[in-house]
Amino acid sequence: MKYSGVVVARDKVEYGYVVAGEEAVFRFVVANIVDHGIHILASLPREVTEEGIEQFADTHHAYARLLSDRKCHKRYMAEVLEYVRSLPRGCRSEQLFNKDDERRAMSEEQVREGLLKSLNERDAFRASTAFEVATPFLRADRRLVDLMDRITASANRFYDEGEVEFLVRVAEAMQKKVVSTSPFLKEQVEKARACVESSNIPAMR
């Protein structure tokens with residue numbers, strides 16, 4: 001096995017790949033999370049380019065942010081539901097006031113999904129637009145931008161404080177998926193990790 005060295009470096013993670021087999025049959029995409037070890041993100045039966053490693057880095061971070069958003073979004077739901085219910089008729093789903101628990105819960109779930117999609121955005125204006133588009137029957141007013149300003153700031157802080165934890169959890173899940181494919185790949189993953197650990201190859205750029 002042969003390690004590429006660091007191909008792409010992000011703030012807390014270095015990405016590269018390991019070529020496995022004498023005939024370079026496949027390659028392992030590697031994420032080395034600072035102070036949290038080496039993880040194998042994927043096994044690929046093809047050449048690996050810097051652009052391809054960039055895409056894996058983007059995906060790794062995107063899933064980490066999604067994990068963070070799913071963990072923290074519930075803290076904002078009461079305030080968001082209060083805002084949506086405060087809008088006039090015609091600008092909200094009237095099912096939010098339904099006395100039937102199931103129908104009301106379905107409408108609240110639509111608001112929750114809209115909130116999750118809005119957290120994909122990092123600034124208040126874009127988050128407000130995403131929330132309005134994703135939430136059925138919603139016609140927002142300018143108060144939404146102020147609300148999303150507070151929510152996005154809070155969600156961004158939550159992610160920044162736990163970023164390494166989320167990156168590690170996603171990397172562990174991706175590696176678990178690789179090793180579950182076959183006992184052979186599980187063995188090869190351990191060899192690939194050992195290859196990276198024993199390498200002192202400097203960054204490529």
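Throughout what follows, the structure given in this document is the object of discussion.

Rules of the game
Residues numbered from 1 in each chain as written. Predicted model: local features only at pLDDT ≥ 70, side-chain atom pairs only at ≥ 80, totals over all residues. Heavy atoms only, no water. Core = buried A, V, L, I, M, F, W, Y, C linked by side-chain atoms within 4.5 Å. Buried < 20%, exposed > 50% of the residue type's maximum accessible area, 1.4 Å probe, protein only. Helix = DSSP H or I, 4+ residues; strand = E, 2+ residues; numbered from the N terminus. Contact = heavy atoms within 4.5 Å. Phe/Tyr/Trp six-rings, centres within 6.5 Å; stacked < 30°, edge-to-face > 60°.

### Digging into the nonpolar core
No. 1: With 47 residues, the main nonpolar core has Val 80, Leu 115 and Phe 131 as its most contacted residues.
No. 2: Counting residues per element, the ones that place at least two in this core are β3 (13–20), β4 (26–33), β5 (37–44), α1 (50–72), α2 (74–86), α3 (101–118), α4 (124–134) and α5 (143–179).
No. 3: When residues in this core are grouped by element, the largest group, 13 residues, is from α5.
No. 4: Setting aside residues no more than four positions away along its own chain, Val 80 makes contact with Val 111, Leu 115, Phe 131, Leu 147 and Ile 151.
No. 5: Within the second largest apolar cluster, 15 residues are counted, among which are Phe 26, Ile 40, Cys 195 and Val 196.

### As for unusual backbone geometry
No. 1: The phi angle at Asp 35 is positive, at roughly 70 degrees, despite the residue not being glycine.
No. 2: Positionally, Asp 35 belongs in the loop between β4 and β5.
No. 3: A relative accessible area of 75% means that Asp 35 is categorised as exposed.
No. 4: Positive phi, close to 70 degrees, is recorded for Phe 137, a residue that is not glycine.

### A word on the packing of aromatic side chains
No. 1: All told, the structure shown has 4 aromatic pairs when counted by the stated rule.
No. 2: Ring plane angle 85 degrees and centroid distance 5.2 Å describe the contact between Phe 26 and Phe 28, whose orientation is recorded as edge-to-face. Each member of the pair, Phe 26 together with Phe 28, is buried.
No. 3: Here the aromatic rings of Tyr 159 and Phe 166 are separated by 6.3 Å at their centres, their planes lie at 10 degrees, and the arrangement is stacked.
No. 4: For Tyr 159, a relative accessible area of 7% translates into the label buried.
No. 5: Aromatic ring contacts, followed pair by pair, group Phe 26, Phe 28 and Phe 184 into a single cluster.

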